[in-house]
Amino acid sequence: MLIFDCFFGRCERPSCDGCGLVPVRNLRRALKSRSMNKSEESCVDPDESWKKAVDATLAGKSSAANKSSAKRKKRLLVPREEIPWFPVIKPELCNGCGDCKVLCKPGVFELGEPDPTGIHRPKLVVAHPMNCLVLCDRCVPICTSGAIVLPKKEEFEKYVEYLD
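Residues numbered from 1 in each chain as written. Predicted model: local features only at pLDDT ≥ 70, side-chain atom pairs only at ≥ 80, totals over all residues. Heavy atoms only, no water.

(A) Structural context of the state of the cysteines. Throughout the structure, instances matching the rule amount to 0 disulfides. Considering cysteine sulfurs only, Cys132 is the nearest to Cys136, which forms no disulfide, with 5.7 Å between them. On the accessibility criterion, Cys136 (27% relative accessible area) is partly exposed. A disulfide-free cysteine, Cys143 has its sulfur positioned 6.1 Å from the sulfur of Cys97, the nearest such atom. Residue classification places Cys143 among the buried residues on the basis of a relative accessible area of 16%. (Disulfide = S-S within 2.5 Å. Buried < 20%, exposed > 50% of the residue type's maximum accessible area, 1.4 Å probe, protein only.)

Written out as structure tokens, the structure is:
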């Protein structure tokens, strides 16, 4: 049962220091990050990719133009400090697994206060909310406990301009 608890982020240990199941947790993180990358990039069957390239060339479009339209660059219309886009962590749901901290490159999440009894892992908190990228929501699906909540994207589209 300990292996499953570690793999699914339900481990009750305060930290992974000296734990023999660290490779299991690292495997879970690697699989999640790989699945996150697949969901961002459209996976194309290699046998069919040449057909799409030929069709795009015949239609007068280059494959570089197709890739740029899939991932459009954004520019903020107002200063970042005026945009209230940041995650909120529900402390009653957070299990302290730390996956969000590992995934978030801007460094929005930090470990919170340690458990006074030392039984449970410390919960994570949003320490640097203005480091969060506007309209980024990668941390929500990686949270195993569903503790991360973001505001609705539709309300923040007015702050972003898409560049071609």
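(B) Just the packing of aromatic side chains, in detail. For the structure on display, the rule yields 2 aromatic pairs. Where Phe156 meets Tyr159, the ring centres are 5.9 Å apart and the plane angle is 40°; that geometry is what we call tilted. The buried category is assigned to Tyr159, whose relative accessible area is 18%. Three or more aromatic residues link up through ring pairs in this structure, and these residues are Trp85, Phe156 and Tyr159. (Phe/Tyr/Trp six-rings, centres within 6.5 Å; stacked < 30°, edge-to-face > 60°.)

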